[in-house]
Amino acid sequence: MEVNISDLTWDQFIYPRGNKSEKTISSYVEALEIGAQFPPIRIQRVFNYADGNETTVQSAGRHEATVIVDGIHRWFAFKEKGIKKIAAVEWKDKPLDYEKNKTALLLESAKCNTSHGDRLSPGDKKRIARDIPTSDPECKWTELALAEKLGVIQQTVNTWISDIRGRQKAGRNTVILRLSHLGWSPEKIAEAVALSRTRTSEIVGNANFGKIDTLLSEGHDMDYIASHYQMDLALAWSLRLERMTDQERFKELGWGLRTWDQWNFNECDERFGDDWPGRIPAQLVAHTLFYFTKPGDLVLDPMAGGGVVSDVCLLFERKCQSFDLALMDNRPEIQRYYWDPQNWTWPVTKKEDAE
Ligand SMILES: C[S@@+](CC[C@H](N)C(=O)[O-])C[C@H]1O[C@@H](n2cnc3c(N)ncnc32)[C@H](O)[C@@H]1O
């Protein structure tokens with residue numbers, strides 16, 4: 001087919017190189033002048049496309065476009081020569097959702113560039129491989145699939161991205177464990193981390209931190225142990241305190257248990273909860289849990305702020321459901337909810353959600 005040059009969009013995200021090559025464009029312009037024929041470029045119709053880049057040409061309104069998957073230099077050369085149409089083939093024969101397919105489009109574009117024209121440099125390939133995990137935290141693109149698209153061996157991709165994937169897996173596993181310890185159902189955890197229920201249950205089942213006691217006996221502190229396991233401090237402490245009585249936990253945490261009914265705490269224990277306006281001390285939460293709940297009980301924090309209540313629930317093996325209208329990236333357990341004084345509908349409607 002032939003398409004109008006002006007209907008095509010150069011999409012910077014799916015373009016696999018650092019930049020276009022003026023030298024290549026000039027040589028194509030010269031070739032056109034002496035009547036050279038070029039193979040068709042590769043294009044793709046997309047929808048759900050928000051084009052914020054002024055250097056691109058957009059075809060049909062804000063949400064639809066035809067992006068160039070392969071053939072940017074040919075497209076620029078045709079434009080420079082004032083040619084209005086260019087031969088093109090479409091990658092997939094129906095329009096794709098851009099947001100859902102942009103990584104696949106980038107990899108297809110990279111694949112085309114590994115076999116012809118100005119081949120991608122190893123630097124370009126490495127940059128693409130390292131960009132993918134950021135837009136693919138669920139690891140849908142395996143190292144093998146990336147290797148095949150980039151025209152390198154799997155071992156090379158492993159070397160390029162193993163540090164990023166390692167951090168992602170540790171971060172994700174920590175979220176899964178935290179939510180599981182707080183009593184979230186496997187279905188809700190699976191939904192929150194975009195993994196299957198089987199996979200999340202496996203991660204919980206395979207979690208093994210048997211070395212905490214050894215690390216402590218070697219003289220390491222809890223900050224070291226938390227970073228060793230790539231987890232937050234509250235979760236590391238909760239693993240250390242597992243199977244202890246509440247009184248033993250108070251002792252291990254260095255908090256005197258106050259047996260009278262007036263509690264004053266001058267300072268927040270910085271280890272638990274994040275800095276937040278109106279932050280309350282973890283020791284206060286611990287005393288409330290000690291006197292009014294027992295292990296396994298479900299605690300509701302309707303205005304969770306910096307998350308100190310959920311942290312202390314982790315330490316004392318209470319389940320916890322936390323809500324707030326303001327959310328933080330590092331607090332997956334806090335669910336967005338606005339308590340409307342005109343409408344007191346309870347957000348947790350299904351009993352099994354809370355258990
Ligand atoms: C004093 S802070 C809670 C501090 C928390 N206990 C801590 O120690 O970090 C009160 C919280 O209530 C939340 N909040 C206020 N009005 C709300 C509403 N109508 N619905 C949901 N959250 C609300 C605010 O965003 C704020 O984080």
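Draft legend 1. Looking closely at the packing of helix H1 (residues 22–33) against helix H2 (residues 72–80). Two elements in contact, H1 and H2, have axes whose closest approach is 8 Å; the angle formed by their N-to-C orientations is 55°. Considering the angle they form, H1 stands oblique to H2. Judged by the sense of rotation from one axis to the other, the crossing of H1 with H2 is right-handed. Residues Thr-24, Ile-25, Tyr-28, Val-29 and Leu-32 of H1 pack against His-73, Arg-74, Phe-76, Ala-77, Phe-78 and Glu-80 of H2. Across the contact of H1 with H2, the residue classes break down as seven nonpolar, two polar and two charged.

Draft legend 2. Seen up close, the nonpolar core. Residues Trp-237, Leu-253, Trp-255, Phe-272, Val-312, Leu-315 and Phe-316 are the most contacted members of the largest nonpolar core, which totals 40 residues. If you tally residues by element for this core, the top one is helix H11 (residues 233–241), at seven residues. Contacts of Phe-272, omitting those with residues within four sequence positions, involve Ala-234, Trp-237, Leu-253, Trp-255, Arg-279, Ala-282, Val-308, Asp-311 and Leu-315. Of all hydrophobic cores here, the second largest spans 24 residues; its members include Ala-65, Val-67, Ala-129 and Leu-150.

Draft legend 3. Layout of the pairing of strand E5 (residues 85–90). Here E5 shows a buried face lined by Ile-86, Ala-88 and Glu-90 and an unburied face lined by Lys-85, Ala-87 and Val-89. Note: strand E1 (residues 2–4) against E5, three bridges, orientation antiparallel. Bridge pairing in E5 links Asn-4 to Lys-85. In this structure, strand E3 (residues 41–47) lies alongside E5, joined through three bridges in parallel fashion. Across the sheet, residue Ile-43 finds its bridge partner in E5, namely Glu-90.

Draft legend 4. Quick look at the side chain of Arg-172. The topology assignment puts Arg-172 in helix H6 (residues 154–181). Setting aside residues no more than four positions away along its own chain, Arg-172 makes contact with Pro-137, Cys-139, Val-193, Leu-195 and Ile-203.

Draft legend 5. Quick look at the state of the cysteines. As enumerated under the stated definition, the model contains zero disulfides in all. Sulfur of Cys-313: no disulfide; nearest cysteine sulfur belongs to Cys-320 and is 4.0 Å away.

Draft legend 6. Region of the structure containing the packing of aromatic side chains. Here the structure, examined in full by the defined rule, presents 16 aromatic pairs. Here the aromatic rings of Tyr-28 and Phe-38 are separated by 5.0 Å at their centres, their planes lie at 55°, and the arrangement is tilted. On the criterion of sequence distance, the pair formed by Tyr-28 in helix H1 and Phe-38 in the loop between H1 and E3 is long-range, its members being 10 residues apart. Owing to a relative accessible area of 23%, Phe-38 belongs among the partly exposed residues under this scheme.

Draft legend 7. Spatial organisation of unusual backbone geometry. In the Ramachandran plot, Asn-48 falls in the positive-phi region, its phi being about 60° despite a non-glycine side chain. Mapping Asn-48 onto the fold places it in the loop between E3 and strand E4 (64–70). Taking relative accessible area as the criterion, Asn-48 reaches 37% and is therefore assigned partly exposed. Of note in this structure, Gln-230 is not a glycine but carries a positive phi near 50°. As for its placement among the helices and strands, Gln-230 is situated in the loop between helix H10 (222–228) and H11. Gln-230 sits in the partly exposed class, given a relative accessible area of 42%.

Draft legend 8. Spatial organisation of the environment of Asp-221. Along the polypeptide, Asp-221 turns up in the loop between helix H9 (212–217) and H10. Using a relative accessible area of 45% as the deciding quantity, one classes Asp-221 as partly exposed. When the C-alpha atoms of Asp-221 and Lys-102 are compared, they prove to be 44 Å apart, with 119 residues separating the residues in sequence.

Draft legend 9. Highlighting helix H12 (residues 246–253). All buried positions along H12 are accounted for by Asp-246, Arg-249, Phe-250 and Leu-253. Burial along H12 is one-sided: seen end-on, the buried residues are contained in an arc of 100°. Its buried side turned inward, H12 meets H11, helix H13 (282–292) and helix H14 (308–315). One or two positions beyond H12, positive phi appears at Gly-254, with a value near 80°.

Draft legend 10. Fine view of the sheet that holds strand E7 (residues 298–301). Sheet architecture is open: three strands sit in the order E7-E8-E9, paired in parallel fashion. Sheet topology places E7 and strand E9 (334–336) at the edges, where each strand pairs with a single neighbour. Between one strand and the next, the sheet's axes are offset by a mean angle of 25°, whatever the strand orientation. Note that strand E8 (residues 319–324) and E9 share three bridges and pair parallel. Across the sheet, the residue bridging to Ser-322 is Ile-334, located in E9. On top of the sheet, H14 reaches E7 and E8; it is set at about 170° to E8, its chief contact.

Draft legend 11. Quick peek at the pattern of salt bridges. The full count for this structure, using the stated rule, is 27 salt bridges. When the shortest N-O distance is used, the salt bridge between Arg-271 and Asp-269 registers 2.7 Å. Judged by relative accessible area, which is 27%, Arg-271 ranks as partly exposed. For Asp-269, a relative accessible area of 12% corresponds to the buried category. Each of Arg-178, Asp-232, Asp-274, Asp-311, Arg-331 and Glu-333 takes part in a single network of salt bridges with overlapping partners.

Rules used in this analysis
Residues numbered from 1 in each chain as written. Predicted model: local features only at pLDDT ≥ 70, side-chain atom pairs only at ≥ 80, totals over all residues. Heavy atoms only, no water. Axes fitted to C-alpha atoms, helices over the stretch in contact; angles between N-to-C directions. Helix = DSSP H or I, 4+ residues; strand = E, 2+ residues; numbered from the N terminus. Parallel < 35°, antiparallel > 145°, perpendicular 65-115°, else oblique. Left-handed = near helix turned anticlockwise from the far one by under 90°. Contact = heavy atoms within 4.5 Å. Nonpolar A, V, L, I, M, F, W, Y, C, P; charged D, E, K, R; others polar. Core = buried A, V, L, I, M, F, W, Y, C linked by side-chain atoms within 4.5 Å. Buried < 20%, exposed > 50% of the residue type's maximum accessible area, 1.4 Å probe, protein only. Pairing = 2+ DSSP bridges. Disulfide = S-S within 2.5 Å. Phe/Tyr/Trp six-rings, centres within 6.5 Å; stacked < 30°, edge-to-face > 60°. Arc of directions from axis to C-beta. Salt bridge = Lys/Arg side-chain N within 4 Å of Asp/Glu carboxyl O.

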